[in-house]
Amino acid sequence: MSLFYKMGTAVMRKLPAERAHNTTIKALKAGLGPVAIKTTSPELVTQVGGLTLPNPVGLAAGFDKDCQVPDAMLAAGFGSVECGTVTPRPQAGNPKPRLFRLTEDEAVINRMGFNNGGLDVFKSRLEKRQGQRKKGERGIVGANLGANKDSDDRVADYVTGLKALWGLSDYFTINISSPNTPGLRDLQNENAMDELLGRLSEARAELTGDAPSYPMFLKVAPDVDTNEIERIVEQARTYGMNAIIISNTTIARPGSLQSAHKGEGGGLSGAPLFEPSTAILKEFYAAAQGRIDLIGVGGISNGAQAYAKIRAGAKAVQLYSALVFQGPGLVTEINRDLKALLKADGFSSIGEAVGQG
C-alpha cells in the first residue's frame, strides 16, 4: 500500500467511525481511491454461483450501501463488489452512534439498521452505470436485498427489490441474517424460509422467462444452529439459490474482547469472527457436498486467512471490516499472497484448493 493511502487510513481512524466511513465514500466518489495494477492472473479466476470472477476477493455488503462507488472499489482490485443492503423505501436506520471500532480487537460493532436511500436511488445509479459502460467492461456488481423495518410483508420487500433491479445487477443476495432489524433472522426458520424462497423463486421465473437467470445467493448468520445447516442447504438448493454466503456479523461476544466498546449492541465483525465463521463454513461445506457453491466471509484481513476460507470450502470470499484498519490497498496484498500460497501448495487454480483444508 502506498504511503498516501497509509496516511489516509491513519487520518480516518482518528474520526468517529461513521463520519470516517462517509468521508471515505466521498473521497472515492472524487476519484481518490487506489487503482490496482491490472495484471492477468489465471490462477485467481474463480467460478461461483454461475459467475466468473477475475479474482476471489469480493467487497462485502455494508460498505457501499447506496451503490455510490462500485467502480472505484473494482478499480482497487476487488473481483466483485456487493452493494447494499437496499430496502424498498428509504430509511434512516438506528439512532447514532451505531458504528464502533474495537481497535484493540481489530473488530467493528455495528447496529446501523439498514440505513439506505431506498430502491429508486439505488436503481438509478445502476442504470447510469449500465449506460456508461459496455457489458464486458463493467465488472461484477451485486445487489444485497433487505426488508424495511416497519414493513407489513417483509417477504414482499425482497420480491420488490428483485423485480426493481432485475437486469441491472449481476447477482442478488437475499440478506436474512442482519441482527440489527428486529425479527429479520426469523426468516432463517424453516417455514419462513419456505415462504421467502418460494415467492422469490416464482418471481424469478416470471422475470427470467426463456433467458438465462441472474444468480441468487442466500446470506446466513454465523450464529445459526449447526443442527439447521443441512436443512438450510437443502432449502437453498430446492428453491434454486446459486450460492450461500457464510456469514454475516455475530451477536456473540467472545471473552477475549478488550475494547471499551465490547459491550455495545449490534453485530460484531472483524478478527474475532474469523475462527467461528470459518468453522461454520466447514460445516456448510460438509453438508453441501459440492451441490451448492459457498462464499466465505468473516474476519479476513490477509491472504492466509482468505486462503483458509477457500480451503475450508469457499469458492470466493468477501471482506469489509479489515479495510477500516488497513485501508483499501489491502485487496491487492491479499490477491498477491493468494497467488504465492496456491503455488506453494502446488495448485494451479482457486478451484483446485477449494475444500482441501
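Keep in mind that what you see is a predicted model, and the values were worked out from it rather than measured.

Conventions and cut-offs
- For every chain, the first residue of the written sequence is number 1, and numbering continues from 1 onward in sequence order.
- Owing to the predicted nature of the model, reporting of local features is limited to residues with pLDDT of at least 70; listing and counting of side-chain atom pairs is limited to 80 or more, with chain, interface and lining totals taken over all residues.
- Side-chain metrics rest on all non-hydrogen atoms present in the structure, leaving aside hydrogens and water.
- Under the scheme used here, helices are H or I runs from DSSP no shorter than 4 residues and strands are E runs no shorter than 2 residues, and both carry numbers assigned from the N terminus.
- Each radius of gyration reported is based on C-alpha atoms, and the globular scaling rule is 2.2 Å times the count of residues to the power 0.38.
- Only protein chains enter the accessibility calculation, which uses a 1.4 Å probe. A residue is then buried if its area is under 20% of the maximum for its type, exposed if over 50%, and partly exposed in between.
- Contacts are residue-level and defined by heavy atoms, with any inter-residue pair within 4.5 Å sufficient.
- For the area figures, the Shrake-Rupley method with a 1.4 Å probe applies, and any residue is considered shielded solely by the protein chains shown.
- The charge count includes Lys and Arg as positive and Asp and Glu as negative, but it does not include His or the ends of the chains.
- Every charge is mapped to an atom, namely NZ of Lys, CZ of Arg, CG of Asp or CD of Glu.
- When DSSP locates at least two bridges between a pair of strands, those strands are taken to pair.
- Where helices are involved, their axes are fitted lines through C-alpha atoms of the stretch in contact, as for all axes, and angles between N-to-C directions lie from 0 to 180°.
- What is meant by a nonpolar core is a set of buried Ala, Val, Leu, Ile, Met, Phe, Trp, Tyr and Cys residues, joined one to another through side-chain atoms within 4.5 Å.
- Criterion for a salt bridge: a side-chain nitrogen of Lys or Arg within 4 Å of a carboxyl oxygen of Asp or Glu.
- Working rule for angles: under 35 degrees goes down as roughly parallel, over 145 as roughly antiparallel, 65 to 115 as roughly perpendicular, anything else as oblique.
- The crossing is said to be left-handed when, going from far helix to near helix, the turn is anticlockwise and less than a right angle, and right-handed when the turn is clockwise.
- Any residue outside Ala, Val, Leu, Ile, Met, Phe, Trp, Tyr, Cys, Pro, Asp, Glu, Lys and Arg is labelled polar, Gly included; the first ten of those are nonpolar and the last four are charged.
- For a helix, the expected span equals 1.5 Å multiplied by the residue count minus one.
- Geometry of aromatic contacts follows a simple scheme: Phe, Tyr and Trp rings, the Trp one being its six-membered ring, pair when their centres are within 6.5 Å, and the pair is stacked under 30 degrees between planes, edge-to-face over 60, tilted otherwise.

Asker: It is not clear to me how the overall build of the protein chain should be interpreted in this structure. Could you clarify?
Answerer: Looking only at helices and strands, the protein chain features twelve helices and 13 strands. Over its C-alpha atoms the protein chain spans a radius of gyration of 19 Å, differing by no more than 12% from the 21 Å that the globule rule assigns to 357 residues. Summarising its shape, the C-alpha atoms of the protein chain cover approximately 50 × 50 × 50 Å along the three principal directions. Looking at the 357 residues of the protein chain, the share that counts as buried comes to 55%. Within the protein chain, contacts between residues at least 6 apart in sequence are counted, and of these 74% link residues at least 24 apart. When the accessible surface of the protein chain is split by element, carbon and sulfur atoms take 51% of a total near 15200 Å². Taken together, the 40 basic and 37 acidic charged side chains of the protein chain have centroids lying 8 Å from each other.

Asker: Honestly, the sheet that holds strand 10 (residues 243-246) in this entry has me stumped. Any pointers?
Answerer: The strands making up a sheet associate through hydrogen bonds between their backbones, and the pairing can be parallel or antiparallel. If you walk around this closed barrel you meet the eight strands as 3-4-7-8-9-10-12-13, and the pairing is parallel. Between one strand axis and the next, the sheet turns by 25° as a mean value, whatever way the strands run. Its contacts with the sheet place helix 4 (residues 119-132) against strand 4 (80-86) and strand 7 (141-145), and it is angled at close to 155° to strand 4.

Asker: Please explain the sheet that holds strand 11 (residues 267-270) as it appears in this structure.
Answerer: Taken together, three strands build an open sheet; the order of strands is 5-6-11 and the sheet is antiparallel. Every interior strand has two partners, whereas the edge strands, strand 5 (99-102) and strand 11, have only one. Strand-to-strand twist of the sheet, defined as the mean angle between neighbouring strand axes without regard to direction, takes the value 20°. Two elements, strand 5 and strand 6 (residues 107-110), share four bridges in a ladder whose sense is antiparallel. Opposite Leu-99, over in strand 6, you have Asn-110 as the bridge partner.

Asker: What's the story with the nonpolar core in this structure? I'm lost.
Answerer: One broad rule of soluble globular proteins: the nonpolar side chains tend to lie buried together. Counting residues in hydrophobic clusters, the biggest one holds 77 residues, and the most contacted among them are Tyr-158, Leu-218 and Phe-284. If we skip the residues at most four places from it in the chain, Leu-218 touches Ile-174, Ile-176, Met-193, Leu-197, Ile-232, Ala-236, Met-241, Ala-243, Ile-244 and Ile-245. Membership of the second largest hydrophobic core comes to twelve residues, among which are Tyr-171, Ala-243, Ile-245 and Ile-295.

Asker: Is there a simple way to explain the pattern of salt bridges in this structure?
Answerer: Pairing is possible between side chains of opposite charge, provided their charged atoms come close. With the rule as written, the count across this model stands at 13 salt bridges. Here Arg-111 ties to Glu-264 by a salt bridge, and the two come within 3.0 Å at their closest N and O atoms. Taken together, the residues span a long stretch of sequence, with Arg-111 in the loop between strand 6 and helix 4 and Glu-264 in the loop between strand 10 and strand 11 at a distance of 153 residues. On the basis of relative accessible area, Arg-111 is assigned to the partly exposed category, the value being 22%. The salt bridge partner of Arg-311 is Asp-345, with a shortest N-O separation of 2.8 Å. Residue Arg-311 is found in helix 9 (residues 303-312), and its partner Asp-345 is found in the loop between helix 11 (330-344) and helix 12 (350-353); the two are separated by 34 residues along the sequence. One connected set of salt bridges, linked through shared partners, spans Asp-153, Glu-195 and Arg-199.

Asker: I'm lost on the environment of Leu-168 in this one. Help?
Answerer: When you line up the elements, Leu-168 lands in the loop between helix 5 (154-165) and strand 8 (171-175). Sequence separation between Leu-168 and Ala-107 is 61 residues, and the spatial gap between their C-alpha atoms is 33 Å. With near-sequence residues (within four places) excluded, Leu-168 lies in contact with Lys-123, Leu-126, Glu-127 and Gln-130.

Asker: Is there a simple way to think about the packing of helix 7 (residues 229-238) against helix 8 (residues 274-288) in this case?
Answerer: When two helices pack together, their arrangement is given by the angle between the helix axes and by the axis-to-axis distance. Interaxial distance between helix 7 and helix 8 falls to 9 Å at its minimum, and their mutual angle equals 55°. Taken together, the axis directions place helix 7 and helix 8 in an arrangement best described as oblique. Considering only the axes of helix 7 and helix 8, their crossing is right-handed. Every residue of helix 8 that contacts helix 7 at Ile-229, Glu-230, Ile-232 and Val-233 is listed here: Ile-280, Glu-283, Phe-284, Ala-287 and Ala-288. Taken together, the residues of the contact of helix 7 with helix 8 break down into seven nonpolar, no polar and two charged.

Asker: Help me understand the packing of helix 9 against helix 11 in this model?
Answerer: Packing of helix 9 against helix 11 leaves a shortest axis separation of 8 Å and a crossing angle of 60°. Here helix 9 is positioned oblique relative to helix 11, judged by the angle of their axes. Every pair of crossing elements has a handedness; the one defined by helix 9 and helix 11 is right-handed. When helix 9 is examined against helix 11, the residues Gly-303, Ala-304, Ala-306, Tyr-307 and Ile-310 are found in contact with a partner set consisting of Ile-334, Asp-337, Leu-338, Leu-341 and Leu-342. Within the contact of helix 9 with helix 11, the residues separate by chemical class into eight nonpolar, one polar and one charged.

Asker: Would you explain helix 8 in this entry?
Answerer: The periodicity of an α-helix, 3.6 residues per turn, causes residues three or four places apart in sequence to face the same way. Taking 1.5 Å per residue as the helical rise, helix 8 with its 15 residues ought to reach 21 Å, and the 21 Å between its terminal C-alpha atoms agrees with that figure. The complete set of buried residues in helix 8 reads Phe-274, Ser-277, Thr-278, Ile-280, Leu-281, Phe-284, Ala-287 and Ala-288. Of the surrounding secondary structure, the elements contacted by the buried residues of helix 8 are strand 9 (216-220), helix 7, strand 10, strand 11, strand 12 (293-297) and helix 9. Within two residues after helix 8, Gln-289 carries a phi angle of roughly 50°, on the positive side.

Asker: Is there a simple way to explain the packing of aromatic side chains in this structure?
Answerer: Aromatic ring pairs are defined here through the distance separating the ring centres and the angle between the ring planes. Scanning all chains against the criterion turns up five aromatic pairs. Between Trp-166 and Phe-172, the aromatic rings sit 5.6 Å apart at their centres with planes inclined by 5°, giving stacked as the arrangement. The exposure class assigned to Trp-166 is buried, which follows from its relative accessible area of 16%.

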